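Working through the structure, step by step
Residues per chain are reported as follows:
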Amino acid sequence: MKTEIRIPFGPQHPDLEEPINFMFEVEEEYVKKVSVRLGYIHRGIEKLAEERSFLKNIYLVERICGICSFAHSTCYVQAVEELLEIEVPRRARFIRTIIAEMERIQNHYLWLAFTAKAMGFDTLFMYSMRDRDHILKILELITGKRVNYGLNTIGGVRRDLPEELQPEIFSKLIYLKKRAKKYKELCESDPLIQKRTKNIGILKPKDARKLSAVGPTIRASGIDDDVRSIEKYAAYDEISFNVITYKGCDVFSRILVRIDEIPESAKIIENALHNMPDTPTQVKTPKEIPKGETVSKVEAPRGENLHFLKSNGTEKPERLKIRAPTLANLTALCKMLEGANIADIPVIIAGIDPCIACAERMIFLK
Amino acid sequence: MTIIKEVISNFLKKPVTLRFPYEKMQPVENSRGQPTWKIERCMGCNLCVNVCPSQAIELRGKGRESEIIYYQSKCLFCGECIDVCPTNAIHSISEYKTVFPEKDKMKKEYSRSKQNREIK
Amino acid sequence: MELKILLESVIALLELFLFPGFLFLIFFSFFIEWLDRKMVAKFQNRYGPLHVGPKGILQPFADILKLLSKEDITPESANEIPFKLTPLLLFSFALTPLFCIPIISNSALITFPTDLVIVIFLMSCIPVLSFIAAWVSTNRFSTIGGTRLALQMFGYEIPLVLALVSPTITTQTFSISKIVEWQMGNLWLFLIQPIGFAIAIICLLAHLQRLPFDMPEAETELVGGWLVEFSGKKLALIKLTKSLELTLAASLITSLYLGGPSFLVISHPVIYFLKIIVCVFIFANLKALFARFRIDQFLVGAWKYLIPLAILQIAMTQILS
């Protein structure tokens, strides 16, 4: 006798931060089929962007997501600057790099806490959140706010990084590097974490390429695909860094990739602070943007972020299209969930770092 | 295991949480807060009204007789009006407690004739 | 003569209802739950309950009071009579064994020569009743939680009974009070049977459904597990049951392995309280250290490691005695 139960996961669930609906068909604790429904948090941002001027849109685009907000705003501002064909001063590009890497560190600590909670490990959740507070303090000292910084403007950045803040930044970075090393030791030596995450949520490299996964999800399958080293936007052409890959293809490798990226980001910040050039931080720009269309890409903490901008010569944009990294990872997630145990579902979903608020756009299916 | 030592040593340390409302965290020096106007310096140029992303400022009157109405419920605390004012009439204060019982009361008016009195 | 019998019966009734009877046991279980929450919070570098009463000591009492005032909903497709009866039965099955544990002196309120067997039987009925409660709720999440609970029973039941019964081989008696008396004259039993002590703690953690073995009510996977449909007064009784079970587990370990309320030649309730605090410290430490197991990994581990070790312990005890 076949016993198949259909379990709804979401839109309200203690494990998810944002509403999304998965419908699982389950037989004796193994998942047979999965189907996804989006649309619970659609806010109409692309339509709202067509009614505001280019400068006011920076504040709209920043608030798409609370955690990767600087990546969205950098991507949009780079698209506008490409249409205007101006050159951003070097000091502004270095400051953008520093803040983007700090946001990456902050996101990876939050993700570690979220995954530990999905596994039932409450202590690691509390410790990660305690350490994340240090980097939010530095961001508040530099930009004035803890989230949604408001630092980018067309033609540069609005605030300068004074020299007096540098000793405090260095000391906090040393503390954060030490904590990341301790968490890596914990994950490699704890037998229970390895039992819950090894060989779970496997994504082979061929499938990852075919289903277009991005970010640490694909870097844990052995493919080194990083927008920072391909496109070399902002100051990444003057600062060298390593792209981190692991070959495990499972959730354990994704944890290791993200924990290893924290000291790498700290090295980039220290490098940039030592070699900071002495130029102004902003150039003046006209209000009307010439006609044209362009695509700009940025490596957000979760993956590759893409903005398409089309302007028709007036003060307001004609079309802005945003493709967030979570939208690209969702099809890979459906492939990973087939054949999984029910108890592994929260761990697999947490492994791709979902941010549903970024991913809600209009999609046409045929 | 590495975590046993850490867990036991945390038993003897002081907890990290702040006991709000008995202990509060202070905002830093140049954090972005609410804007306030020095109404004697305002010359009614309308620049702050045009640049605000969420239309939270309203100007009534002309030139040296202008009055400013500032809607606290719409403000994003972005600081664009502070940067753009040509006479430095706006500066930010670090007051972060903005709780009101009714939405209609969430505005402040600045005008010269009533001697800089703020009506809430 | 009749006056003496009347006086004795009045004192017995007072002992049954006040100290160390119903009221004392319920408030004692509130205290133990507060202690457990505070210790786990200290391990995680935060405060626990803080505001209700001095240092938050009235927090579990406030939780039960809040639950008693909420609305009580019975789903339409649930079977009414078992649904309404199971929380009450759970509460009584958890409260009754506590009368057989010696608290004030070396003999408990109710003692008879085989009371350890009755205690183990009543403790084993609790997961069966929880499974019935889960089955009768007719909710997808509670069905999965209930089947996980039944599967978990297959894993821990045998080593738990073996670990709780191995003290009786050394002491040649099945009564908890006599075991405590035996420990007063000789060494404490956890020095003589350390493997049994460790297995008893692990299997009691699985019986209480605490981390790392709380699969039946995992919050992040199944929204509430087997108790997802209960609300109001029924949920208050279930939460009381959980506190009482924690007290029962700590009391069993204290009486069987740590010597109960006795120390060298004196036996006093204060010594019993101190030993209970040590047991709660061990339980809280294990809760803060680990992540959650998966149900099939737990079953494989239990049959591979726990059962052979328990049988080894019994064999060693037989050989040495």
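Here the structure is shown first, and the text comes after it.
Definitions and limits used
Residues numbered from 1 in each chain as written. Chains lettered and ligands numbered in written order. Predicted model: local features only at pLDDT ≥ 70, side-chain atom pairs only at ≥ 80, totals over all residues. Helix = DSSP H or I, 4+ residues; strand = E, 2+ residues; numbered from the N terminus. Rg over C-alpha atoms; globule rule 2.2 N^0.38 Å. Buried ≥ 20, exposed ≤ 12 C-beta atoms within 10 Å, placed from the backbone. Contact = placed C-beta atoms within 7 Å. Nonpolar A, V, L, I, M, F, W, Y, C, P; charged D, E, K, R; others polar. Axes fitted to C-alpha atoms, helices over the stretch in contact; angles between N-to-C directions. Parallel < 35°, antiparallel > 145°, perpendicular 65-115°, else oblique. Left-handed = near helix turned anticlockwise from the far one by under 90°. Expected span 1.5 Å × (residues − 1). Pairing = 2+ DSSP bridges. Core = buried A, V, L, I, M, F, W, Y, C linked by C-beta atoms within 7 Å.

1. Notes on the overall build of chain C
Tallying secondary structure elements over chain C gives 12 helices and two strands in all. Scanning chain C from its N terminus toward the C terminus, one meets helices and strands in the order α-α-α-α-α-α-α-α-α-α-β-β-α-α. Relative to a compact globule of 321 residues, whose C-alpha radius of gyration would be 20 Å, chain C shows 20 Å and is just as compact. Dimensions along the principal axes, computed over C-alpha positions, put chain C at roughly 55 × 55 × 40 Å. Burial status across chain C gives 42% buried among its 321 residues. Pairs at least 24 residues apart make up 78% of the contacts formed inside chain C by residues separated by at least 6 positions.

2. Regarding the interface of chain B and chain A
Taken together, the contact pairs 14 residues of chain B with 15 residues of chain A. No other element matches helix α1 (residues 2-10) of chain B, which puts three residues into the side of chain B that touches chain A. The residue inventory of the side of chain B that touches chain A, partitioned by class, reads eight nonpolar, four polar and two charged.

3. Some thoughts on the interface of chain C and chain A
The interface is formed by 20 residues belonging to chain C together with 23 residues belonging to chain A. Counting only elements with at least two residues in the side of chain C that touches chain A, the list comes to α6 (140-171) and α12 (295-320) of chain C. Split by residue class, the side of chain C that touches chain A holds 10 nonpolar, four polar and six charged.

4. Examining the packing of helix α4 (residues 90-119) of chain A against helix α11 (residues 251-274) of chain A
Helix packing for two helices is described by the angle between their axes and how far apart those axes are. Residue and element names in this part refer to chain A. It is the contact of α4 with α11, at a shortest axis distance of 9 Å, that shows an interaxial angle of 155°. Viewed along their axes, α4 and α11 adopt a mutual orientation that is roughly antiparallel. Relative to α11, α4 is oriented so that their crossing is left-handed. In contact with F94, T97, I98, E101, M102, R104, I105, H108, W111 and T115 of α4, α11 contributes I255, R258, E261, I262, S265, A266, I268, I269, A272 and L273. Counted by class, the contact of α4 with α11 contains 12 nonpolar, four polar and four charged residues.

5. A look at α4(A)
Residue and element names in this part refer to chain A. Taking 1.5 Å of rise per residue, 30 residues should cover 44 Å, and α4 covers 44 Å from first to last C-alpha, within 8% of that figure. Most of α4 sits out of view: 27 of its 30 residues are buried. Immediately downstream of α4, the backbone of G120 shows phi near 95°, a positive value.

6. Looking at the sheet that holds strand β7 (residues 303-311) of chain A
Paired through backbone hydrogen bonds, the strands of a sheet run either parallel or antiparallel to each other. All names here are of chain A. An order of β6-β7-β8 is seen for the three strands of this open sheet, with the pairing classed as antiparallel. Among the strands making up the open sheet, the edge pair consists of β6 (292-300) and β8 (319-323). Averaged over neighbouring strand pairs, the angle between their axes works out to 15° when direction is ignored. The strands touched by helix α3 (residues 69-84) within the sheet are β6 and β7, with β6 carrying the most contacts at an inclination of about 150°. Sitting on the sheet, helix α12 (residues 325-337) is in contact with β6, β7 and β8, with an inclination near 125° to β7.

7. Concerning the sheet that holds strand β3 (residues 67-71) of chain B
Residues and elements named next belong to chain B. Spatial ordering of the open sheet is given by β2-β3-β5, a layout of three strands whose pairing is antiparallel. In the strand order of this sheet, the two ends are held by β2 (57-60) and β5 (107-110), each with one partner. Adjacent strand axes in the sheet meet at a mean angle of 15°, parallel and antiparallel pairs treated alike. The sheet contact formed by β2 and β3 spans four bridges and is antiparallel.

8. Remarks on the pairing of β8(A)
Residues and elements named next belong to chain A. With burial as the criterion, only one face of β8 is covered, namely that bearing L320 and I322; the residues R319, K321 and R323 on the opposite face remain uncovered. Note that β7 and β8 share five bridges and pair antiparallel. For F308, the partnering residue across the bridge sits in β8 and is K321.

9. Notes on the nonpolar core
One recurring pattern in soluble globular proteins is that nonpolar side chains are buried together. In terms of nonpolar packing, the biggest core is built from 179 residues, with C355(A), A200(C), C203(C) and I253(C) touching the most fellow members. Per-element tally for this core: the top contributor is α4(A), with 15 residues. Counting 13 residues, the second-largest nonpolar core is a separate cluster that includes W37(B), C42(B), C52(B) and C85(B).

10. Here we look at unusual backbone geometry
With omega at 0°, the peptide bond leading from L211(C) into P212(C) counts as cis. Assignment of secondary structure puts P212(C) in the loop between α9 (194-208) and α10 (233-257). The phi torsion at D353(A) lies on the positive side, around 60°, for a residue other than glycine. Mapped onto the elements, D353(A) comes out in the loop between α13 (345-351) and α14 (356-359). Judged by the 25 C-beta atoms lying within 10 Å of it, D353(A) falls in the buried class.

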